[in-house]
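Working through the structure, step by step
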Amino acid sequence: MAFESKNPFFNNKSFSATSAPKNDQVHQATLIDYNQEMTLAGTINKTLLLFLLLTASAIVVWWMAFNGLNPMLPTIGGAIVGLILVLIASFKPQYSPVLAPGYALFEGLFIGGVSAIFEARYPGIVIQAVGATFVTFAVCLGLYKFKIVKVTEQFKSVVVAATLAIATYYLISWLFSMFTSFVPVHYGNSMMSIGISVFVIVIAALNLFLDFDRMEKGVEQKMPKFMEWFAAMGLIITLVWLYIEFLRLLSKLNRK
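Bear in mind that the values here come from a model prediction, so they are computed numbers and not experimental data.

What counts and what doesn't
- Residues numbered from 1 in each chain as written.
- Predicted model: local features only at pLDDT ≥ 70, side-chain atom pairs only at ≥ 80, totals over all residues.
- Heavy atoms only, no water.
- Helix = DSSP H or I, 4+ residues; strand = E, 2+ residues; numbered from the N terminus.
- Expected span 1.5 Å × (residues − 1).
- Buried < 20%, exposed > 50% of the residue type's maximum accessible area, 1.4 Å probe, protein only.
- Arc of directions from axis to C-beta.
- Contact = heavy atoms within 4.5 Å.
- Lys, Arg positive; Asp, Glu negative; His and termini not counted.
- Salt bridge = Lys/Arg side-chain N within 4 Å of Asp/Glu carboxyl O.
- pLDDT = per-residue confidence, 0-100.
- Phe/Tyr/Trp six-rings, centres within 6.5 Å; stacked < 30°, edge-to-face > 60°.
- Lys NZ or Arg CZ within 6 Å of the ring centre and 35° of its normal.
- 1 Å grid on protein atoms, 1.4 Å probe; cavity = no way out; pocket = protein on both sides within 12 Å on 5 of 7 lines; lining within 4 Å.
- Points joined across faces, edges and corners; volume = space filled by probe spheres on them.
- Nonpolar A, V, L, I, M, F, W, Y, C, P; charged D, E, K, R; others polar.

1. Remarks on helix α5 (residues 125-145)
Its 21 residues place the ends of α5 30 Å apart at the C-alpha level, agreeing with the 30 Å of an ideal helix rising 1.5 Å per residue. Within α5, burial applies to I125, V126, A129, T133, T136, C140 and Y144. The arc enclosing the buried residues of α5, seen along the axis, measures out at 100 degrees, which places them on a common side. Counted as exposed and oriented over 90 degrees from the buried face of α5: I127, V135 and K145. For α5, the secondary structure elements touched by its buried residues are α2 (40-65), α4 (96-121), α7 (191-220) and α8 (227-255).

2. Quick word on the side chain of K252
Inspection of the secondary structure assignment puts K252 in helix α8. One buried charged residue, K252, remains without a salt bridge, the closest side chain of opposite sign being E245 at 6.5 Å. When sequence neighbours within four positions are dropped, the list of residues in contact with K252 reads H186, G188, N189, S193, I194 and S197.

3. Quick notes on the confidence of the model for the chain
Per-chain confidence: the chain averages 88 in pLDDT, with 86% of residues scoring 70 or above. The low-confidence segment residues 22-33, where pLDDT is below 50, has ten contacts with residues more than four positions distant or belonging to other chains.

4. Focus on the pattern of salt bridges
Enumeration over the complete set of coordinates arrives at eight salt bridges. Put simply, K46 and E228 hold a salt bridge, and the shortest N to O gap is 2.7 Å. Within this pair, whereas K46 is found in helix α2, its partner E228 is found in helix α8, the two being separated by 182 residues in sequence. In this structure, K46 and E228 share a single accessibility class: buried. The partner of D211 in a salt bridge is R214, and the shortest N-O contact between them spans 3.1 Å. Note that D211 and R214 are positioned in helix α7 at a spacing of three residues, about one turn of the helix. In this structure D211 comes out as buried when scored by relative accessible area, which is 3%. Connected through shared salt-bridge partners, E153, K156, D213 and K217 make up one network.

5. A few points about the packing of aromatic side chains
The final tally for this structure, using the stated rule, is six aromatic pairs. On the basis of an interplanar angle of 45 degrees and a centroid distance of 5.8 Å, the ring pair of Y144 and F212 is categorised as tilted. Taken together, the residues Y144 in helix α5 and F212 in helix α7 connect sequence positions 68 residues apart. Positioned above the aromatic ring of Y144, the side-chain terminus of K147 is 5.3 Å from the ring centre.

6. A short note on the layout of surface pockets
Its boundaries defined by the atoms lining it, the largest pocket holds a volume of some 2000 Å³. Surrounding the largest pocket, 43 residues form its lining, F110, Y170, W241, I244 and E245 being those nearest its centre. Secondary-structure elements contributing two or more residues to the lining of the largest pocket are α3 (72-91), α4, α6 (153-179), α7 and α8. Class assignment of the residues belonging to the lining of the largest pocket gives a composition of 26 nonpolar, ten polar and seven charged. The volume enclosed by the second largest pocket comes to roughly 910 Å³. What lines the second largest pocket is a set of 31 residues, and nearest its centre among them are F51, F134, F137, I236 and L239.

Following this line, the structure appears as structure tokens:
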């Protein structure tokens, strides 16, 4: 298969498994025409919509936090529900038109709460993290658009391996810190911890190239329309990860 997903969110081969039939093939007695196929414009529009939904719900929790209300319940609840929706979408991408907006709303609750917590401790950090995230996105998009960075199979393999390694390290560190007195090396503001944060940000940024490539390949393969929501959701997941890592890095630098 020419297009095989490498990101854990797409690792169930949803993109390859849901490719639209060729023009001369029939799917459930209905030919898939252009209006039922994934388009780049449609994917971009849905990404913008998800971003607006995420921002709106984040503002709600932000307002709660700075008006004397406890934001922990929506923050934790948003993170849990958002993760559940991502897992469902990874196995049932055809439900993405419903799951993706739901993810954006609940993840926005999490983002708003986390942002408020960091902002209370380090005033001005949120606007810095938002700016860094958008600049990184713009740079990566430019590098991809002008073919300065090419997404080869080797590139995909390296990025997904590093991503899985980071996820495994975070999970093991969290489990050890929960049940023992172990303090993960990426905690605190040591040079080692800062270096790890920089490395994770680089890997998160490289995942943007995989997201761009998936969108382009999905359009070329004439995938079903619902894959626009699926691809948009994947890009938002990467941007959220990148934003959180920038918050962590900036907080370490502020403590330094």
